[in-house]
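Spelled out from the first residue to the last, the chains are:
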Amino acid sequence: MAGIVIAAVVALVVGFGVGLAINRARQKSQKDQSRDQAESIMNAARTEAETIKRDAAIEAKELVFRARSDIERETKERRTEVLRKEDALAKREENADRKTSALTAKEDELGHKEKSLSGREQAAEAAARKADELVGEAKQRLERLAGMSAEQARQKLVEQVTEEAKKAAAVEIKKIEDATREEAELRAKKIIGTAVQRYAGEYVAERTVAVVPLPNDDMKGRIIGREGRNIRALEAATGIDLIIDDTPEAVIISCFNPVRREIARLALTRLIADGRIHPTRIEEVVAKCTEEVEQQCKEAGEQAVFDLGLNRVHPELVKLLGRLKYRSSYAQNLLLHSIEVGFLAGVMASELGVNVKLARRAGLLHDIGKAIDHEIEGPHAVVGAGVAKKYGEAPKVVEAIGAHHADEPQQTVLDHIVDAANRLSSQRPGARRELLQSYVTRLNDLEKICLSYTGVERAYAIQAGREVRVLVENSQVNDDQAVVLSKDIAHRVETELSYPGQIRIAVIRETRAVDYAK
């Protein structure tokens, strides 16, 4: 057993030694291989390092070459710029030298001119002294030749300058008047146009006589009565004139008072229809007709006040206002005219910011004096103002009534509004008509006034006397004098003539150039 163990141990030791020897041999072999590999790697690294070094050297050379090229190019550009600036500086210096030379030359020239001017100043002073002496001599010679002193000549010159100033003033006045007239016409047309558009009235043609138709001519004898007692009773009761002539189947009632004329017409119509005509019956019928007409006047006045929207008008003023229904002026019914003036005045007042009610009141009552002007002496405007004041109308209304025909001075806007509304109502187409004789007389008077002035050749009244055209001699009246002449004629027409509305004075001056072909 022991031998086996020893043998095993020996085998184990031998095996360990063999393994150890094998292991050493293997390690040696590995070391040799590692050394060979290390040498190969070292050789490869050395080769690669040489290649990198060579490439780096080549790249460094390229960078150096590139940097040198850039530096050379930049240096060349800077050298070029420096050369350009040097050339510019040289040119500037050259220009400065030239300018300096020119300035020097100018200084020399100015010096010569100063010397020359000094000589000229002295010569001018001498010439001025000589001229003063010559002027003095000429002045003395002119005084001897003209036969007047310097003061007289100065006075004449002042007169000439004054005359020229007057002419210039006339021209300026004409310009200002034209501009003002144009502006005023535009504003007035706007206001009047608005008033006309907002109211349209009708006109009733009235006559100064009334014609009463008869059923037959035998009725004329019954109206006259035995020994004319019936006609005398009718005229005494009504205050009219009854005209019975050869007019077939008609008699004419004539009376200045339109209310009396209406009462007589109504009474005569009823007597003819009744057939009983005698003094007692005439008095009864006239009394009844008088009451009816008075009631109609009252109702007409109340209706006019109501139409204009007024209140608190005195009953007596209402009656007087109603009487205007039977009165006319130039064939224009006065009640309708008064109503229209009230409406127009109210419209104008609203456009101008004035009290509309007050304007309508003044416009309606402006002709109230015509209801009694045949009983009281004086212009109807003044009479109407007195009546309105008597029955408690406002002072502004009284003033407007009295001033609507300039019988009293116009001081307020309301005065001018009533005046304008009255003119507008009376001058509208077809509103009024005049007797032929008075119309022709006014035209003749108008032309005579124009022909009385020096330099007027002809004068023509046209447009129904609303305009007169004055032809003047070209050699006697100039343009400026024509302006003054138109004003003088207008002032004289306003002073001497009586006319409705306004009259335009047109002075016409014609220049003719005449020559003959031979």
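What counts, and at which threshold
- Along each chain, the written sequence defines residue order, and numbers are assigned to residues from 1.
- Local features are withheld for residues below a pLDDT of 70 in this predicted model, meaning they are given only at 70 or higher, and side-chain atom pairs are given and counted only at 80 or more; totals for whole chains, interfaces and linings count all residues.
- Think of the side-chain values as coming from all heavy atoms in the structure, minus any hydrogens and water.
- Strands here mean DSSP runs of E at least two residues long; helices mean DSSP runs of H or I at least four residues long; both are numbered from the N terminus.
- Here the radius of gyration uses the C-alpha set of atoms, whereas the globule reference equals 2.2 Å times the residue count to the power 0.38.
- In this scheme, a residue with accessible area under 20% of its type's maximum is buried, one over 50% is exposed, and one in between is partly exposed, where area comes from a 1.4 Å probe on protein chains only.
- Contacts were defined at the residue level, with two residues in contact if any of their heavy atoms lie within 4.5 Å.
- Using a 1.4 Å probe, the Shrake-Rupley method yields the accessible areas, and only the shown protein chains count as cover for residues.
- Multiply 1.5 Å by the residue count of a helix minus one, and that product is the helix's expected span.
- When DSSP locates at least two bridges between a pair of strands, those strands are taken to pair.
- Polar contacts here mean pairs of N or O atoms no more than 3.5 Å apart (in protein, one a potential hydrogen donor and the other a potential acceptor; neighbouring residues in sequence count only if both atoms are side-chain atoms).
- The convention used is that axes are lines fitted to C-alpha atoms, helices contributing only their stretch in contact, and that angles between N-to-C directions extend from 0 to 180 degrees.
- The score called pLDDT rates the predictor's confidence residue by residue, from a low of 0 to a high of 100.
- Small angles under 35 degrees read as roughly parallel and large ones over 145 as roughly antiparallel, with 65 to 115 read as roughly perpendicular and the rest as oblique.
- By the definition used in this description, the sense in which the near helix is turned from the far one sets the handedness, with an anticlockwise turn below a right angle giving left-handed and a clockwise turn giving right-handed.
- Asp, Glu, Lys and Arg are counted as charged, while Ala, Val, Leu, Ile, Met, Phe, Trp, Tyr, Cys and Pro are counted as nonpolar; the rest, among them Gly, fall into the polar class.
- Nonpolar side chains (Val, Leu, Ile, Met, Phe, Trp, Tyr) within 5 Å and like charges within 9 Å form the patches, drawn only from residues with over 30% relative accessible area and no salt bridge.
- Salt bridge, as used here, is a side-chain nitrogen of Lys or Arg placed within 4 Å of a carboxyl oxygen of Asp or Glu.
- For our purposes a nonpolar core is just a set of buried Ala, Val, Leu, Ile, Met, Phe, Trp, Tyr and Cys residues, chained together by side-chain atoms within 4.5 Å.

Helix and strand content of the chain: 14 helices and eight strands. Taken over the C-alpha trace, the chain has a radius of gyration of 63 Å; the compact-globule value for 518 residues is 24 Å, which it surpasses by more than 25%. With the principal axes as the frame, the chain shows a C-alpha extent of 220 × 125 × 60 Å. Burial statistics for the chain: of 518 residues in total, 29% are counted as buried. If you take every contact in the chain between residues at least 6 apart in sequence, the share linking residues at least 24 apart comes to 62%. Of the accessible surface of the chain, which amounts to about 34900 Å², a share of 54% is contributed by carbon and sulfur atoms.

This part takes up helix 8 (residues 334-352). The end-to-end C-alpha separation of helix 8 is 26 Å, in line with the 27 Å expected for 19 residues at 1.5 Å each. Helix 8 sits mainly inside the fold: 15 of its 19 residues count as buried. One or two steps after helix 8, the chain reaches Gly353, where phi turns positive at roughly 80 degrees.

Next up on the list: the pairing of strand 3 (residues 250-254). As paired elements, strand 1 (residues 209-213) and strand 3 share five bridges and run antiparallel to each other. Bridge pairing in strand 3 links Val211 to Ile252. In the sheet, strand 2 (residues 241-243) pairs with strand 3 via three bridges, with the strands oriented antiparallel. By the bridge assignment for strand 3, Asp241 is matched with Ser254. Hairpin connection between strand 2 and strand 3: a loop of six residues separates the two successive antiparallel strands, and Glu249 in this loop has a positive phi of roughly 55 degrees.

Our focus in this paragraph is helix 9 (residues 356-365). Buried residues dominate helix 9, accounting for seven of its ten residues. The opening residue of helix 9, the one whose side-chain oxygen lies 3.1 Å from the backbone nitrogen of Lys357, is Asn355.

The strand order across the open sheet built from three strands is 1-3-2, with neighbouring strands paired in antiparallel fashion. The outermost strands of the open sheet, each flanked by one partner alone, are strand 1 and strand 2. Recorded for the sheet is a direction-independent mean angle of 25 degrees between the axes of neighbouring strands. Lying over the sheet, helix 5 (residues 258-274) contacts strand 1, strand 2 and strand 3, oriented at roughly 5 degrees with respect to strand 1.

Turning our eyes to something else, we now look at the confidence of the model for the chain. Confidence along the chain averages 80 in pLDDT terms, with 91% of residues attaining 70 or more. Looking across the chain, the model is least confident in strand 4 (residues 328-329), with a mean pLDDT of 71, and most confident in strand 7 (residues 467-472), with 89.

Turning to the pairing of strand 7, a few remarks are in order. Of the pairings in the sheet, the one linking strand 6 (residues 456-462) to strand 7 comprises six bridges and is antiparallel in character. By the bridge assignment for strand 7, Val456 is matched with Val472. Looking at chain direction, strand 7 and strand 8 (residues 504-509) are connected through six bridges and run parallel. Pairing of Glu467 across the sheet is with Arg504, part of strand 8.

Contact geometry of helix 4 (residues 229-238) with helix 6 (residues 279-307) gives a least axis separation of 9 Å together with a crossing angle of 25 degrees. In this view, helix 4 runs roughly parallel relative to helix 6, as classed from their interaxial angle. For the crossing formed where helix 4 meets helix 6, the hand is right-handed. Contacts from Arg229, Asn230, Ala233, Leu234, Ala237 and Thr238 in helix 4 reach Pro279, Ile282 and Val286 in helix 6. Grouping the constituent residues of the contact of helix 4 with helix 6 by class yields six nonpolar, two polar and one charged.

Turning our attention to the sheet that holds strand 6. Here we have three strands laid out as an open sheet, ordered 6-7-8, and mixed in their pairing. Strands at the two margins of the open sheet, each flanked by one partner only, are strand 6 and strand 8. Strand-to-strand twist in this sheet, taken as the mean axis angle between neighbours without regard to direction, amounts to 20 degrees. Against the sheet, helix 14 (residues 479-496) engages strand 6, strand 7 and strand 8, with an angle of about 150 degrees to strand 8.

Residues Ile6, Val10, Val14, Val18 and Ile22 make up a contiguous nonpolar surface patch of roughly 440 Å² in combined accessible area. Checked against the element boundaries, Val14 lands in helix 1 (residues 2-146). On the basis of relative accessible area, Val14 is assigned to the partly exposed category, the value being 48%.

Moving on, we come to the nonpolar core. Grouped together as the largest cluster of nonpolar side chains are 44 residues, with contacts concentrated most on Val305, Leu321, Leu335 and Leu364. For this core, the element with the most residues is helix 8, which contributes ten residues. What Leu321 contacts, discounting residues up to four positions off in sequence, is Gly301, Ala304, Val305, Leu335, Leu364, Leu365 and Ile368. Counting 29 residues, the second-largest nonpolar core is a separate cluster that includes Val212, Ala233, Val259 and Leu266.

Quick look at the pattern of salt bridges now. For the coordinates displayed, the defined rule picks out 18 salt bridges. Note that Arg265 is salt-bridged to Glu262, the shortest N-O span being 2.8 Å. Note that Arg265 and Glu262 are positioned in helix 5 at a spacing of three residues, about one turn of the helix. Judged by relative accessible area, which is 15%, Glu262 ranks as buried. A single network of salt bridges, built from pairs that share partners, joins Asp274, Arg276, Arg281 and Glu284.

Glancing now at unusual backbone geometry. One non-glycine residue with positive phi stands out, namely Glu227, at about 55 degrees. Looking at the secondary structure, you find Glu227 in the loop between helix 3 (218-224) and helix 4. We classify Glu227 as exposed; its relative accessible area is 72%.

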